[in-house]
Structure formats: structure tokens, C-alpha cells
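# Geometric and topological summary
Here is how the chains run, residue by residue.
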Amino acid sequence: MPDRAKGRLTLIVGGARSGKSAHAETLATASPSPWTYIATAQAYDDEMRERIALHRSRRGEGWVTVDAPLDLTGAIEALPDHQPVLIDCLTLWLTNHMLADHDIEAECRRLSDVLSRPRGPWFVVSNEVGLGIVPDNALARRFRDAAGRLNQQVAAVADSVLMMVAGLPLKVK
Ligand SMILES: Nc1nc2c(ncn2[C@@H]2O[C@H](COP(=O)(O)OP(=O)(O)OP(=O)(O)O)[C@@H](O)[C@H]2O)c(=O)[nH]1
């Protein structure tokens, strides 16, 4: 079966608590299990541990969780064919690479390259962080620009792009 026949990439962007993850889970579980959840978050404090625990209990059975705070490209390359996958989320992955002082351009290129060849229904969650005023510190400005560029790169190779607004999906592509 040609890759593209079953391979589809959907990008789901939105602000904090816009309902991105829940909507992406609904889309992914429309295909038969097993569903793979690739998490890029790392729990550094109790509040984050609590958030992650809530996500895990909401997902329930049928999900396989893979942690990929940095090597997201490697985790995607290792995925089996024809299975629904949710990648949550690109902005935390970008944060992890920025904090590690890695080559952001090269990492984003590698990631969008592997995402351009989906081998299943793949759903990628990312934050839209650029809607507010220009941040007054340089790191935040660099992050905002890199996140916007990464979203553009992934949107360009995605079959569909949704923007979550107050829990509702708006079709962008
Ligand atoms: N390490 C790890 N992280 C997880 C797991 N489940 C969820 N997460 C992380 O939880 C993060 C989402 O947290 P939220 O704060 O609920 O998301 P949000 O962007 O504010 O809200 P929504 O737009 O409503 O999804 C994602 O970045 C995931 O990587 C897990 O099992 N393990």
C-alpha cells in the first residue's frame, strides 16, 4: 500500500487550554487502537506531574505512551506503519531544544522532513504563541519566532490544519 494512501498528517494548533489535546484524542481514537501518544513534556514539579496524571487518566486504556522530550524525530521514525499517533506537543519539544542550546533550525528541518512522510493517521499538537504583544525579553522573542516558523513548516506538509478556539476546531487547511 503506498504510504500516502493511509498516511495523513493533521496539525492542531491553538492557545493554552483551547482544547487541543482533547480534540486530537477524539480524532485519533476514531481509528482502531492501539493509539500511540508521543509526549514531549517533562515533569519538573508537582503541578506538571498532576497535569500529566490527568492526561493519562483521561486517555485510558488502548494508548501506548512514548516519552520523547528531545529525540522526537527518532521516536517518529521508530513508529510502526498504519497506526494512529498523537504527538503532544511541538512547542514543549522546541522549548527543550532551546534550553539545551541545540541547533533549532536543523532540528526543525529534521522534524518537518519526517512529518512530511506520515505512515498512519498522525495528529500533531502545537501552541499558537504569537497572538499577544511582543515579549520584553530576548529569549521569549526568539522562542515566539521559532515556534511560529515551526508551525508554518509543519502546516506546509500537513494534509489538514485545525485551529482550536474555545474548545472548537476551526478548519484552516
Ligand atoms: N511526559 C508526559 N507528558 C504528558 C503525558 N500526557 C500528557 N502530557 C503532556 O501534557 C501537555 C499538555 O498539557 P496541558 O497543560 O493540559 O495542555 P494545554 O496546551 O494547556 O491545553 P489544551 O489546549 O487544552 O490541550 C503536553 O505537552 C503533553 O506532552 C504523559 O503521559 N507523559
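Look up: the structure comes first, before these words.
Quick summary incoming for the structure in this document.

About the cut-offs
Residues numbered from 1 in each chain as written. Predicted model: local features only at pLDDT ≥ 70, side-chain atom pairs only at ≥ 80, totals over all residues. Heavy atoms only, no water. Salt bridge = Lys/Arg side-chain N within 4 Å of Asp/Glu carboxyl O. Helix = DSSP H or I, 4+ residues; strand = E, 2+ residues; numbered from the N terminus. Buried < 20%, exposed > 50% of the residue type's maximum accessible area, 1.4 Å probe, protein only. Near = heavy atom within 4 Å. Polar contact = N/O pair within 3.5 Å; in protein donor to acceptor, adjacent residues only side chain to side chain. Areas by Shrake-Rupley, 256 points an atom, 1.4 Å probe, with all protein chains shown as cover.

Under the criterion given, the structure shown has 6 salt bridges. Salt-bridge contacts for Arg49 lead to Asp46; the nearest nitrogen and oxygen are separated by 2.9 Å. Of this pair, Arg49 and Asp46 both sit in helix H3 (residues 46-59), 3 residues apart, which is roughly one turn of the helix. Arg49 sits in the partly exposed class, given a relative accessible area of 43%. Taking the shortest distance from any N to any O, the salt bridge between Arg110 and Glu107 comes out at 3.3 Å. With Arg110 and Glu107 both in helix H6 (residues 104-115), this residue pair falls 3 residues apart, about one helical turn. Here Arg110 falls in the partly exposed class, since its relative accessible area comes to 40%. Residue Glu107 is classed as buried on the basis of its relative accessible area of 16%.

This paragraph deals with the site of the ligand. Around the ligand sit 20 residues, and of these Lys20, Arg51, His55, Arg59 and Asp88 come closest. Separating an oxygen atom of the ligand from a side-chain N or O atom of Ser21 is a distance of 2.9 Å. Contacts to the ligand include Asp67, whose side-chain N or O atom sits 3.0 Å from a nitrogen atom. For the ligand, the protein covers 91% of the area, taking 670 Å² as the surface of the free molecule.

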